[in-house]
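So the chains spell out like this:
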Amino acid sequence: MIIIGEKINGTRKAVAQAIRERDAAFIKELAQSQAQAGSHYLDVNAGTSPEREPDDMAWLVETIQEACELPLCLDSANPKALKAGLALVNKTPIINSVSGEQPRIDGVLPLALEHKTGLILLALDDKVGIPATSEGRLEIVHRLVGLAKDGGLAEDQLHVDPLVTAISTGTNNGLITFDAIAKTRQAYPAAHITCGLSNISFGMPLRPLINQTFLGMCIMHGLDSAIVDPNDHQLLGVMLAAEMLVGKDKFCQNFSRAYRSGRIGPKTN
Amino acid sequence: MADLKELVSAVVEMREDEAMALTKKLLADGTPPLAVFDAYQAALEEIGKRFEQQLYFIPELIMSGEMMKAASEIIKPLLADQSGGQGKQRLGKVVIATVEGDIHDIGKNIVAMMMDLGGLEVRDLGVDVPADRIIAEAKDFGADIIGLSGLLTLAFDPMKQVVEKLQAEGLRDKIKVIIGGGQMDEQVCKYVGADAFVTDAVAGVNYCKGWLA
């Protein structure tokens, strides 16, 4: 399972403030704590206005790299911000994300191809938005995977996001995602499949419970990458248990090690 | 004989079949259609309150909307039959859209539905709508309020554009602007130049009703 730590995101109030005030200590602490919790990548989203975003992205990348060695997941729709980040990264990053929307295909995809980065592909476009069916989403996925592969990216550099819509607005929205994950896994065995889990619980109480259950079920269908809070003990526990149960944890060693090191299970102080 | 209080409670408690049966029975017994309609309005108001108190959630809002819609289909023809068509005066007109660059529509759809049920006349322009079209539709519709929705930070600038264009057209004084979405706060509201920001549907409807009162 590839864990992409989600916490350095300028749409979170505390992070936005740290970016504005250039509070490097705060950002470094977020980077280190996510690295210690077992992240494989750190998502970097400046979340600021288009004029500021390139500078803010550059500052974030430099600041994070001073604190830890993890590769980054550059999270922006703004090609200028992505370029600013790409110019500074020490390790091959993932770009988050390209979709079937024309501005992203024109502005973001070429950067991923040029720098041979990992790439998150979102199953939506500017004609229908998020298709209501798994078939509709797969159509977009096929198109995007085709473009990425033709441009020279390997299948295992791709993280397909079949998208999650809220269960509160459609009783079958969970099933649609499961089906899209399963079909993507079948079509592209080497690709990674990721998704923004917490959309599922929008508008509902007990969101963590819903998110955790959903994560386990997504893993059952082939999910192997997720943008999450790696410090969330319970979520991480579900993730490792589910991976173990679907046969992806040899001799249950990931699970047992995480337990022994206190990364999952009851917190002991 | 069934009474209106029972109907209100059936709707509020989400007893779908019972509410429909009561509606039909009340109408058959000669209860004025407008009174039945008002009972639904009262129920929806209570549901909105429970939503604000986090006793109810989005599925309840959607379900109540569907109950109201089903009831309206029976009640509206009866209202029209009555001489003078006592269809209630609409409170005011709202143009609502997700701004250009954003395609999120859950929040917007719920707000549009709640406004419609709450007695506002709504023109929903959909998602990814350019500022020029929002202004043109608002003029054409005679809107009192423009509601702009967006989930992404990318939505801030397109929202600001709408307000600026409204100003350029000399309409800023006549049309209130409200912005909604998960990222909205006081700062964004100021940046955009909107009259108010909201992060949930019920609050949005309440603001608009307040302006039109």
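Residues numbered from 1 in each chain as written. Chains lettered and ligands numbered in written order. Predicted model: local features only at pLDDT ≥ 70, side-chain atom pairs only at ≥ 80, totals over all residues. Heavy atoms only, no water.

**Quick notes on the nonpolar core**
- Counting residues in each nonpolar core, the largest one holds 55 residues, and the members touching the most others are A:Leu60, A:Ile64 and A:Leu119.
- Split by domain, this core shows at least three residues from each of two domains, domain 1 (1–72) and domain 2 (92–231) of chain A.
- If sequence neighbours within four positions are ignored, A:Ile64 has contacts with A:Ile8, A:Ile27, A:Ala31, A:Leu42, A:Val44 and A:Leu72.
- In this structure, B:Val12, B:Leu34, B:Ile62 and B:Leu79 belong to the second largest nonpolar core, which totals 44 residues. (Core = buried A, V, L, I, M, F, W, Y, C linked by side-chain atoms within 4.5 Å. Buried < 20%, exposed > 50% of the residue type's maximum accessible area, 1.4 Å probe, protein only. Domains from an automatic or database assignment. Contact = heavy atoms within 4.5 Å.)

**Points about the environment of A:Gly237**
Residue and element names in this part refer to chain A.
- Position of glycine 237 among the secondary structure elements: in helix H10 (residues 233–245).
- Between the C-alpha atoms of glycine 237 and alanine 258, which are 21 residues apart in sequence, the distance is 8.5 Å.
- Excluding residues that lie within four positions of it along the chain, glycine 237 makes contacts with Phe255 and Ile264. (Helix = DSSP H or I, 4+ residues; strand = E, 2+ residues; numbered from the N terminus.)

**A few points about the domain arrangement of chain A**
Residue and element names in this part refer to chain A.
- Taken domain by domain, chain A holds domain 1 (1–72) and domain 2 (92–231).
- Both faces considered, domain 1 and domain 2 share a buried interface measuring about 1,300 Å² in area, 61% of it formed by carbon and sulfur atoms.
- On the domain 1 side of the contact with domain 2, Met1, Ile2 and Ile4 bury the most area, a combined 43% of that side's loss.
- Taken together, the connections running from domain 1 to domain 2 amount to one salt bridge.
- Here lysine 7 ties to aspartate 229 by a salt bridge, and the two come within 3.6 Å at their closest N and O atoms.
- Seen at the junction of domain 1 and domain 2, the total is nine residue pairs in polar contact (both at pLDDT 80 or more).
- Among the secondary structure elements, those contributing two or more residues to the side of domain 1 that touches domain 2 are strand S1 (2–5), helix H2 (24–36) and strand S2 (41–44). (Buried area = accessible area lost by both parts, 1.4 Å probe. Salt bridge = Lys/Arg side-chain N within 4 Å of Asp/Glu carboxyl O. Polar contact = N/O pair within 3.5 Å; in protein donor to acceptor, adjacent residues only side chain to side chain.)

**As for the pattern of salt bridges**
All names here are of chain B.
- Using the criterion set out here, one finds 22 salt bridges over all chains in the structure.
- Between glutamate 137 and arginine 133 there is a salt bridge; the shortest N-O distance is 3.3 Å. Of this pair, glutamate 137 and arginine 133 both sit in helix H6 (residues 131–141), separated by four residues, roughly a single helical turn.
- The exposure class assigned to arginine 133 is partly exposed, which follows from its relative accessible area of 37%.
- When salt bridges with common partners are traced through the structure, they connect Arg123, Arg133, Glu137 and Asp140 into a single cluster.

**A few points about the packing of helix H1 (residues 4–12) of chain B against helix H2 (residues 16–28) of chain B**
Residue and element names in this part refer to chain B.
- Where H1 meets H2, the axes come as close as 9 Å, and the angle between the chain directions of the two elements is 155 degrees. As the angle between them shows, H1 and H2 are arranged roughly antiparallel. The handedness of the crossing between H1 and H2 comes out as left-handed. Between H1 and H2, the residues in contact are Leu4, Glu6, Leu7, Ala10 and Val11 and Glu18, Ala19, Leu22, Thr23 and Leu26, respectively.
- The residue inventory of the contact of H1 with H2, partitioned by class, reads seven nonpolar, one polar and two charged. (Axes fitted to C-alpha atoms, helices over the stretch in contact; angles between N-to-C directions. Parallel < 35°, antiparallel > 145°, perpendicular 65-115°, else oblique. Left-handed = near helix turned anticlockwise from the far one by under 90°. Nonpolar A, V, L, I, M, F, W, Y, C, P; charged D, E, K, R; others polar.)

**Describing helix H9 (residues 201–212) of chain B**
All names here are of chain B.
- Between its first and last C-alpha, H9 extends 17 Å over twelve residues, near the 16 Å set by a 1.5 Å rise per residue.
- Of all the positions in H9, only Ala201, Val202, Gly204, Val205 and Cys208 are classed as buried. Taken end-on, H9 shows its buried residues confined to a sector of 160 degrees, consistent with a single buried face.
- Measuring from the side-chain oxygen of the N-cap residue of H9 to the backbone nitrogen of valine 202 gives 2.9 Å; that N-cap residue is aspartate 200. (Expected span 1.5 Å × (residues − 1). Arc of directions from axis to C-beta.)

**As for the sheet that holds strand S7 (residues 192–193) of chain A**
All names here are of chain A.
- Spatial ordering of the open sheet is given by S7-S6-S5-S4-S3-S2-S1-S8, a layout of eight strands whose pairing is parallel. What marks the edges here is a single partner per strand, and that holds for S7 and strand S8 (225–228).
- In this structure, S2 lies alongside strand S3 (residues 72–75), joined through three bridges in parallel fashion. Note on S3: the bridge partner recorded for valine 44 is leucine 74. (Pairing = 2+ DSSP bridges.)

**A word on the UniProt feature "domain: Pterin-binding" (unreviewed entry) in chain A**
- UniProt's entry tags residues 1–246 of chain A with the feature "domain: Pterin-binding" (unreviewed entry), counted in the numbering of this structure.
- For residues 1–246 of chain A, helix accounts for 48% and strand for 15%, while the C-alpha atoms at its two ends are 12 Å apart. (UniProt positions renumbered as here; feature names shortened; annotations may be inferred.)

**Examining the UniProt feature "domain: B12-binding" (unreviewed entry) in chain B**
- Residues given the UniProt feature "domain: B12-binding" (unreviewed entry) here are residues 91–213 of chain B.
- End-to-end, the C-alpha atoms of residues 91–213 of chain B are 8 Å apart, and along that stretch the chain is 45% helix and 19% strand.

**As for the interface of chain B and chain A**
- Counting residues at the interface gives 13 residues for chain B and 18 residues for chain A.
- Summed over both sides, the interface between chain B and chain A buries roughly 1,300 Å², with carbon and sulfur atoms accounting for 68% of that surface.
- The largest contributions to the chain B side of the interface with chain A come from B:Phe57, B:Ile103 and B:Ile106, which together make up 33% of the buried area.
- Summed over the shared surface of chain B and chain A, the number is zero salt bridges.
- Run the count over chain B and chain A and you get one residue pair in polar contact (both at pLDDT 80 or more).
- Elements with a minimum of two residues in the side of chain B that touches chain A: helix H4 (58–81) and helix H5 (106–117) of chain B.
- Take the side of chain B that touches chain A: its biggest share by element is three residues, from H4(B).
- Looking at the side of chain B that touches chain A residue by residue, the class counts come to eight nonpolar, three polar and two charged.

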